[in-house]
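Chains, contacts and geometry: an overview
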There are 2 protein chains.
Amino acid sequence: MNTLTSPKHLAGQVVDAIRTVAGDGPVALHEPRFAGNEWAYLKECLDSTFVSSVGHYVDRFETELAAYTGARHAVAVVNGTAALHVALRLAGIRPDDEVLIPTLTFVATANAVAYCGATPHFVDSAENTLGMDPGELREYLRRKTDFHNEQCVNRETGRVIRALVPMHTFGHPADIEGLLAVAHDFKLALVEDAAESLGSTYHGQHTGTFGLLGTLSFNGNKTITTGGGGAILTNDAELARHARHLTTTAKVPHRWEYMHDEVGYNYRLPNINAALGCAQLEQLPGYLLAKRRLFEHYRLAFEEVPLATIFSEPAGCQSNYWLQTLVLDESAPDQRDAVLSATNENGLMTRPVWTLMHKLPPYRECPRMQLAAAESLERRLINLPSSTHLAIEGSE
Amino acid sequence: MNTLTSPKHLAGQVVDAIRTVAGDGPVALHEPRFAGNEWAYLKECLDSTFVSSVGHYVDRFETELAAYTGARHAVAVVNGTAALHVALRLAGIRPDDEVLIPTLTFVATANAVAYCGATPHFVDSAENTLGMDPGELREYLRRKTDFHNEQCVNRETGRVIRALVPMHTFGHPADIEGLLAVAHDFKLALVEDAAESLGSTYHGQHTGTFGLLGTLSFNGNKTITTGGGGAILTNDAELARHARHLTTTAKVPHRWEYMHDEVGYNYRLPNINAALGCAQLEQLPGYLLAKRRLFEHYRLAFEEVPLATIFSEPAGCQSNYWLQTLVLDESAPDQRDAVLSATNENGLMTRPVWTLMHKLPPYRECPRMQLAAAESLERRLINLPSSTHLAIEGSE
């Protein structure tokens, strides 16, 4: 190993490259920015006293989310996990079903499956999208499943594989056309986990609007935030009605009676959080420009680092570049922790990708295909400081 | 039926009595009041950019809730339903267990049991507390259960009855000593649903602090509100640690790694909602005085109405008087809907008690004791306008 490719040298190069983009001083991984009407809307919300589950900001936020994404309906909920839980229930997931999800994802994707009493079944990733690999998945399903009563059955476990849940990693769209074809051919419901991809499009269409249902997240570290929040997207009026019903304790409308006709959830987004969301959504176009500009800055800065490249949006896609992502060369996977240490010790907050789902204690025994690409990516991906303010107009 | 006791007459008397207390114009059932530091704390929260699950208002809210209630630990979560779900999981509720809950409660109590895969088992109410009747419950358990391996087993279903979940209805403490004795004798975990009773005490001790765990709610209609929010109370440090772990996706602390060691939840209260909670909690003593004063006003106003009385706190208890409650005389149960119609048509928002849990479609088949007292109360309880501002100092 010569000095140019030693861990120490690479780590130092990464620190220097980030510094040229993010400047001096401590830099967070992702901070929200409140430079619009947040204050005005929160005040209006307090003054109205409608801070909770009834209030016009919730309706407005839903209408504006639908308009922005092009989904016919949006239902606002307390967070992305709740959105995914309800979306899976609406997709017909039942106890003892299996649900195909990427092993490379945040734990919420797997947990939402578990909340339905079902079992996650892990899928490998494509290096060019960081999302599920439809080609490998198709081959795997062809070898390992049969059709019984028009349902895709895992030959080994005997359980029905009911749905496919791609996730758009760090905002980069998965190969959704390829995955839709797999879902069609194997009779799987497709639910898109678009928690990270608000503002990302695939061939001009917004992520989260391709499947039966899609879900968004507005957690504090996301492109826009409501404190905590999420939404369910769908083009199906009946699914939207049912989503709204399930997320408001399944209460049947009545002048005064409290009748609940199924087991529902207290998942409705409070109005005060929706007020923040309305203000944030107004600024989303500016945030997206800033994030794209930040990507360009990083891309240039890392041209000089031979063993690392900045991940670019897949062909035909517009990514929101939520979290900027460094990909270490295949020859340098052992250097990840040295880079993480050096950057964090220098006040530059970075992080690896999530521990793969099939390695987590609650999910170790779940079924899975061969996961070589995800295993390789896990050793090589590092998220860099990605706050909008690092590249927004006027604050550069 | 003479005119004095006719539905029309009673309804008119109720409208008049409410008007003498609540004044002219439309009156809501329960509106929050933001007259303290809400605005200042929200602004500070926005300016810090820590609006989500990390931030000092969450820690402060928890510390202040613990200090106020006298519980050793408080863990803030997104709502009361989430608090109850996690409390039940921590109490060891497993799929196929049964959990004793009142049939007279909000649906969240039953739903939280269902989320654990367990079955609610319905208990009758005591007329003097509106909570579970410990005497009737003890008799019922003595007749219907056996002990197997130190566990209380429902002889009819063969399932373990694992826990007892009293709820403090409208803020009025249940007979918690009697219920603790039943829990002890039948080896049941006691989890208190104190969603409605922040500020209510039983023999000087705060509700929610008697059992293994207790839960609070800060929904928009509660005594204090965080938009949406709740908390878990416990005196057990290990349960508190586990509650905090489960409500933050069961992530194991690490500089950068994402390791989750069990199926967790995204239930942490956002900082922006906690900021509201801190400001509201400062005003709680004033709210409680106002609610007690409002009770006195109603009590006097209804002295002139022969067929209806205002419910008073049980002996030995201090109620928060969250929702003021009219109890129709046993001779006038058919008049409930006439009273509800007349009041609501006159712009005075009232409501009946919840439809009893054993009548809801998802819970109709669940086991239950004889529920005569709750059935009678369901026909006779009406909540009256209860907003703090109806009797707060300076706004009368």
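Quick notes on the rules
Residues numbered from 1 in each chain as written. Chains lettered and ligands numbered in written order. Predicted model: local features only at pLDDT ≥ 70, side-chain atom pairs only at ≥ 80, totals over all residues. Helix = DSSP H or I, 4+ residues; strand = E, 2+ residues; numbered from the N terminus. Buried ≥ 20, exposed ≤ 12 C-beta atoms within 10 Å, placed from the backbone. Contact = placed C-beta atoms within 7 Å. Core = buried A, V, L, I, M, F, W, Y, C linked by C-beta atoms within 7 Å. Domains from an automatic or database assignment. Least-squares fit on C-alpha atoms with pLDDT ≥ 70 in both. pLDDT = per-residue confidence, 0-100. Pairing = 2+ DSSP bridges. Axes fitted to C-alpha atoms, helices over the stretch in contact; angles between N-to-C directions. Left-handed = near helix turned anticlockwise from the far one by under 90°. Nonpolar A, V, L, I, M, F, W, Y, C, P; charged D, E, K, R; others polar. Expected span 1.5 Å × (residues − 1).

**Some thoughts on the overall build of chain A**
- Helix and strand counts for chain A stand at 11 helices and 16 strands.
- Seen through its C-alpha atoms, chain A measures out along the principal axes to roughly 75 × 60 × 35 Å.
- Residues classed as buried in chain A amount to 58% of the 396 residues present.
- Here the contacts in chain A between residues at least 6 apart in sequence split such that 72% fall between residues at least 24 apart.

**What to know about the nonpolar core**
- Membership of the largest hydrophobic core comes to 271 residues, with the highest contact counts inside it found for A:Val77, A:Val86, A:Leu88, B:Val77, B:Val86 and B:Leu88.
- Setting aside anything within four residues of it in sequence, one finds A:Val77 in contact with A:Ala82, A:Ala83, A:Val86, A:Gly230, A:Ala231, A:Ile232, A:Thr247, A:Tyr267, A:Arg268 and A:Leu269.

**Some details on the domain arrangement of chain A**
Residue and element names in this part refer to chain A.
- Along its sequence, chain A is carved into domain 1 (3-32 + 284-390) and domain 2 (38-281).
- Computed over C-alpha atoms, the centres of domain 1 and domain 2 are 26 Å apart.
- At the junction of the two partners, domain 1 supplies 34 residues and domain 2 supplies 45 residues.
- Secondary structure elements with two or more residues in the side of domain 1 that touches domain 2: helix H9 (271-301), strand S13 (317-318) and helix H11 (372-380).
- With five residues, the top contributor of residues to the side of domain 1 that touches domain 2 is H11.

**Regarding the relation of the copies chain A and chain B**
- When chain A is fitted to chain B, the residual RMSD is 0.0 Å, and the transformation amounts to a turn of 180° plus an axial shift of 0.0 Å. As the rotation angle and translation indicate, the two copies are arranged about a two-fold axis.
- In this assembly the copies share their binding face: 100% of the residues contributing to the interface of chain A also contribute to that of chain B.

**Some thoughts on the confidence of the model for chain A**
- Put simply, chain A has an average pLDDT of 95, and 97% of its residues get 70 or more.
- Among the prediction metrics, the complex's ipTM stands at 0.95, with pTM recorded as 0.96.

**What about the sheet that holds strand S12 (residues 308-310) of chain A?**
All names here are of chain A.
- Ordered in space as S12-S14-S16-S15, the four strands form an open sheet in which the pairing is antiparallel. Only two strands of the sheet have a single neighbouring strand rather than two, namely S12 and strand S15 (351-352).
- Here S15 pairs with strand S16 (residues 381-383) via two bridges, running antiparallel. Each bridged residue has a counterpart across the sheet, and for Pro-352 the counterpart in S16 is Ile-382.
- Here helix H10 (residues 336-345) sits on the sheet and contacts strand S14 (325-328), S15 and S16; the angle it forms with S16, its principal contact strand, is near 15°.

**Quick notes on the packing of helix H3 (residues 56-69) of chain A against H9(A)**
All names here are of chain A.
- Running from N to C, H3 and H9 point in directions that differ by 35°, and their axes come no closer than 8 Å. Handedness of the H3/H9 crossing: left-handed. Contact residues: Tyr-57, Val-58, Arg-60, Phe-61, Glu-64 and Tyr-68 in H3; Asn-271, Ala-274, Ala-275, Gly-277, Cys-278 and Leu-281 in H9.
- Of the residues assigned to the contact of H3 with H9, the class counts are eight nonpolar, two polar and two charged.

**Some details on the pairing of strand S7 (residues 189-193) of chain A**
All names here are of chain A.
- Along S7, four of the five residues are buried, which leaves the element largely enclosed by surrounding structure.
- Pairing between strand S6 (residues 160-164) and S7: two bridges, direction parallel. Bridged to Leu-164 within S7 is Leu-190.
- Pairing analysis gives three bridges linking S7 to strand S10 (residues 213-217), with the strands arranged parallel.

**Considerations on the environment of A:Glu150**
Residue and element names in this part refer to chain A.
- Along the chain, the position of Glu-150 falls in the loop between strand S4 (145-148) and strand S5 (151-154).
- Judged by the 6 C-beta atoms lying within 10 Å of it, Glu-150 falls in the exposed class.
- For Glu-150 and Phe-186, which are 36 residues apart along the polypeptide, the C-alpha to C-alpha distance reads 9.0 Å.

**Describing the interface of chain A and chain B**
- Facing the 50 residues of chain A at the interface are 50 residues of chain B.
- Breaking the side of chain A that touches chain B down by element, the ones donating at least two residues are helix H2 (38-48), helix H5 (107-115), H9, H10 and S15 of chain A.
- Counting residues per element, the side of chain A that touches chain B draws most heavily on H2(A), at five residues.
- Grouping the amino acids of the side of chain A that touches chain B by side-chain chemistry returns 23 nonpolar, 19 polar and eight charged.

**What to know about the sheet that holds strand S14 (residues 325-328) of chain B**
Residues and elements named next belong to chain B.
- The four strands lie next to each other as S12-S14-S16-S15, forming an open sheet whose pairing is antiparallel. Strands with a single pairing partner mark the edges of an open sheet, and in this sheet they are strand S12 (308-310) and strand S15 (351-352).
- Helix-sheet contacts for helix H10 (residues 336-345) involve S14, S15 and strand S16 (381-383), and the interaxial angle to S16 is about 15°.

**Looking at helix H4 (residues 80-90) of chain A**
- Extensive coverage of H4(A) is indicated by the burial of 10 of its 11 residues.
- Once H4(A) ends, the next one or two residues include A:Gly92, with phi positive near 90°.

**Some thoughts on the pairing of strand S2 (residues 98-102) of chain A**
All names here are of chain A.
- Of all five residues in S2, five are buried, a share of seventy percent or more.
- Looking at chain direction, S2 and strand S3 (residues 119-123) are connected through five bridges and run parallel. Bridge pairing in S3 links Leu-100 to His-121.

**Observations concerning the environment of B:Val78**
- Along the polypeptide, B:Val78 turns up in the loop between strand S1 (73-77) and helix H4 (80-90).
- Taking the C-alpha atoms as reference points, B:Val78 and B:Gly228, separated by 150 residues in sequence, lie 6.2 Å from one another.
- Residue contacts for B:Val78: discarding those within four places in its chain leaves A:Val78, A:Gly228, B:Gly228, B:Gly229, B:Gly230, B:Tyr267 and B:Leu269.

**Examining H3(A)**
All names here are of chain A.
- For H3, with 14 residues, the first-to-last C-alpha span of 20 Å sits near the 20 Å given by 1.5 Å per residue.
- Within H3, the full set of buried residues consists of Tyr-57, Val-58, Phe-61, Glu-62, Leu-65, Ala-66 and Thr-69.
- Structurally, H3 contributes buried residues whose contacts are with H2, strand S1 (73-77), strand S9 (205-206), strand S11 (230-234) and H9.
- Directly after H3, the chain includes Gly-70, whose backbone phi takes a positive value near 85°.

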